[in-house]
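Listed below, chain by chain, are the residues.
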Amino acid sequence: MIQEKKFYVTTPIYYVNDIPHIGHAYTTIAADILARYNRLQGKDVFFLTGTDEHGQKVEKAAKEKGKTPQEHADAMVENFRELWGKLNISNDAFIRTTDTPHIKTVQGLMQFLWDKGEIEKRSYSGWYCTPDERFWTGKDLVEGKCPDCGRPVDQIHEENYFFLMSKYQDRLVRHIEDNPDFLLPETRRNEVLGFLRNNTLGDLCISRPKSRLAWGVPLPFDENFVTYVWFDALVNYFSATRYLAPEAGNAKLGDFWWPADHHLVGKDILTTHAVYWSTMLMALNLPLPGNIFAHGWWTVDGKKMSKSVGNVVDPNAMADQYGVDAFRYFLFREVPFGLDGDFSEDALVRRINTDLANDLGNLLSRFLSMDEKYFDGTIEALVSLSPGLREFAAQCGSANAAAHDRHNWSHLRFNSILDSVWEIVREANNYIARTEPWKLAKKDEGELKRVMFGLWNALRLTALSLYPFMPATSENIWRQIGLRALVEEVQQNRSGAGARIFEWNWIPAYAIKTAKGAQLFPRIEKAEKDEGKAEKKEQKKEMAKMTEPGTRELIGIEDFAKVELKVGKVISAERVEKSAKLIKLKVDTGEERQIVAGIGKSYDPEYLVGKKIIVVANLKPAKLMGIESQGMLLAATGEDGVCSILALDRDVDQGARIK
Ligand code: MSP
């Protein structure tokens, strides 16, 4: 039974070998939006993400690095943890499939299925795709290759354990038919149904002989085998409720949280969730999740994202360059969740300049300037509405209702929700144009007060609706319009008269005093963006040249002599606003210069002051997040992503040339 009071949402657990890219960020931000929205609605929320750490690929990568698989996983998992910190992800727990309680749960469930006769040992021959870690039958193959990724497959003969999935085919079809929201979007639901109605479901190989793969979960009933990646991975959603979920009332933990309300996944892993996981749950006598939602894939400038093409979008870089909230907003405004979309920095900049800087940012700053000028930053809450204000209140009210529409939220229609929020913003801008407050200031103070109150309310509702998407921006708006703290305020106003906080007629119990802060979203000028882009491209090309085997060019001493390296002393250091990575330094290299360095995740600015560093002194100035950098400091980055600045072995005066 899905309970009304609790909300449990999951992301896929990501392969620990991957470096996080835009696809990982996309699902995780989507889950964050749902978690934040439901917390605001007063539900008990459990938001789970994590990493998938067993399997051949991890074993192989660890070996290549001379590490144990566990050491390798321990290092790689930090990439995800750090990114989620940066992107303001509010997950309640982070599961790793190497956690002992998870392993114990997997083994417990397997034993249960084995005892129940749901698992059988068979000899097997099939085709195995190592990168995808999946078996295929001969007729699945496309031109002899993996039907999913097109890569070569290996033929394998061995004994293995099989989960008897086929016997649940009819029950699964019925479940999908009877629960229209179980698989979303509808097009994907129809695909799965079509597949299940027209094909005979096979049984699922869930083991690997230990001789070929040691890095897995040992089968409790046969020590010569480990369990195969999907059985281990899918169980995470359930095992987490047994040891990672928040305490909730008196209910036994797991029984309170299971089943999940939403499993969010990419379209490529819908089958494993809709078919494998659902039938596993049926065999385990466990309830099925409320919904599995398959989102689309991002292409980049019209092309498939791939490491070899070198067009993989790094969410860290996007957040550093454009800000976390702008990046979060773009992903969910640009493309309906469920469809494929195309990512381009041009489109992102367009959204920032039009929706965020122009529509929203200007609305806030115009309102605050007027309120400051005419009423010294105060807002009088008005009960009597003039016809003009009544009309505006009705327009905002209906857009606001659409932004909170249950169906929109249960169907994850994020872009229509954002459309509705922008309708409030648009109406508010029109309201200013229509009422011309600067004219009212000269002739009708009563109406001017109403206009200010109306705009205040519109901005308040906008901040509330935007909170799940752009949490920091919403808090910022909330404070600038004279309120205390958004999340706490909502929590305190859940009952009685305060419960209307999501509607038009709500005012705080204290006097409102607005306070204009920094611009929400400065416009990004094209030249500035292109400059950054061209430079990045150049750098990438250069780096590629240096690292590609065979194409590495050697340089002569005269080339090296072109680089002017100098000793610099750090005079001051501060973080660049809205960037986790960038630090702005004043450095004395004989002359004073400003340097912007991406070392903010490894160093505190205070630590750097007084340090002697090595600076490339004759580099063309460049702009980073709009701030000029006159040179570059030298640092090395370890595999763990932590960097170390180059320093001298013995004290040398600043300005000294390094040769
Ligand atoms: N470990 C499995 C999931 C197990 S869940 C029990 C896995 N891991 S993954 O690291 O490969 O996950 C990748 C996720 O990112 C998938 O949901 C996938 O759909 C998504 N994306 C990968 N590339 C993507 C895009 N280009 N665009 C959007 N999402 C994409 O699969």
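The present account deals with the structure reproduced in this document. The model shown is predicted, which means the values in this text are computed figures rather than measured ones.

**Thoughts on the sheet that holds strand β9 (residues 207–209)**
The strands making up a sheet are joined through hydrogen bonds of the backbone, oriented either antiparallel or parallel.
Line of reasoning, step 1. Pairing in this open sheet of 3 strands is antiparallel, and the strands run β9-β11-β10 from one edge to the other. Two strands lie at the open edges of the sheet, namely β9 and β10 (217–219), each paired on one side alone. When strand polarity is set aside, the average angle formed by the axes of neighbouring strands in this sheet is 50°.
Line of reasoning, step 2. Both β10 and strand β11 (residues 222–227) contribute to a ladder of 3 bridges, which runs antiparallel. For P218, the partnering residue across the bridge sits in β11 and is V226.
Line of reasoning, step 3. Sitting on the sheet, helix α4 (residues 100–115) touches β10 and β11, and the angle it makes with β10 is about 25°.

**So, the packing of helix α12 (residues 324–334) against helix α16 (residues 414–435)**
Line of reasoning, step 1. In contact at an axis separation of 7 Å, α12 and α16 are set at 110° when each is read in the N-to-C sense. Judged on the interaxial angle alone, α16 and α12 are roughly perpendicular. Two secondary-structure elements touch here, α12 through Y329, F332 and R333 and α16 through F414, N415, L418, D419 and W422.
Line of reasoning, step 2. Taken together, the residues that form the contact of α12 with α16 break down as 5 nonpolar, 1 polar and 2 charged.

**Details of the side chain of S207**
Line of reasoning, step 1. Looking at the secondary structure, you find S207 in strand β9.
Line of reasoning, step 2. Engagement of the side chain of S207 in a polar contact is seen with the side chain of N160, the distance being 2.5 Å.
Line of reasoning, step 3. In terms of polar contacts, S207 uses its side chain to reach the backbone amide nitrogen of Y161, at 2.8 Å.
Line of reasoning, step 4. Setting aside anything within four residues of it in sequence, one finds S207 in contact with N160, Y161, L219, F225, V226, T227 and Y228.

**Digging into the site of the ligand**
Line of reasoning, step 1. Around the ligand lies a shell of 23 residues, among which I13, D52, G266, D268 and W298 are the nearest.
Line of reasoning, step 2. In the environment of the ligand, a nitrogen atom lies 2.8 Å from a nitrogen or oxygen atom belonging to the backbone of I13.
Line of reasoning, step 3. Protein contacts shield 95% of the accessible area of the ligand, which totals 680 Å² for the unbound molecule.
Line of reasoning, step 4. Of all the secondary structure elements, the ones that give two or more residues to the shell around the ligand are β1 (6–15), α1 (22–40), α7 (229–234) and α8 (236–243).
Line of reasoning, step 5. Ranked by residues supplied to the shell around the ligand, first place goes to β1 with 4 residues.
Line of reasoning, step 6. For the shell around the ligand, the per-class residue count stands at 12 nonpolar, 8 polar and 3 charged.

**Remarks on helix α5 (residues 169–178)**
Each turn of an α-helix holds 3.6 residues, which means side chains three or four residues apart point in the same direction.
Line of reasoning, step 1. By the burial criterion, the buried members of α5 are Q169, L172, V173 and I176. Taken down its axis, α5 places every buried residue within 100° of arc, on the same side. Residues of α5 that are exposed and point over 90 degrees away from its buried face: D170 and D178.
Line of reasoning, step 2. Here the buried face of α5 lies against β7 (183–184), α6 (186–198) and α10 (270–283).

**With respect to the pairing of strand β19 (residues 592–597)**
Line of reasoning, step 1. Of all the 6 residues making up β19, 5 are buried; the element is thus mostly covered by neighbouring parts of the structure.
Line of reasoning, step 2. Taken together, the 6 bridges between strand β18 (residues 583–588) and β19 define a ladder with antiparallel strand orientation. Counterpart to K584 in the pairing with β19 is V596.
Line of reasoning, step 3. Connecting the antiparallel pair β18 and β19 is a turn made up of 3 residues, with G590 showing a positive phi of about 100°.

Analysis parameters
Residues numbered from 1 in each chain as written. Predicted model: local features only at pLDDT ≥ 70, side-chain atom pairs only at ≥ 80, totals over all residues. Heavy atoms only, no water. Pairing = 2+ DSSP bridges. Helix = DSSP H or I, 4+ residues; strand = E, 2+ residues; numbered from the N terminus. Axes fitted to C-alpha atoms, helices over the stretch in contact; angles between N-to-C directions. Contact = heavy atoms within 4.5 Å. Parallel < 35°, antiparallel > 145°, perpendicular 65-115°, else oblique. Nonpolar A, V, L, I, M, F, W, Y, C, P; charged D, E, K, R; others polar. Polar contact = N/O pair within 3.5 Å; in protein donor to acceptor, adjacent residues only side chain to side chain. Near = heavy atom within 4 Å. Areas by Shrake-Rupley, 256 points an atom, 1.4 Å probe, with all protein chains shown as cover. Buried < 20%, exposed > 50% of the residue type's maximum accessible area, 1.4 Å probe, protein only. Arc of directions from axis to C-beta.

These results come straight from atomic positions and should not be treated as a statement about function.
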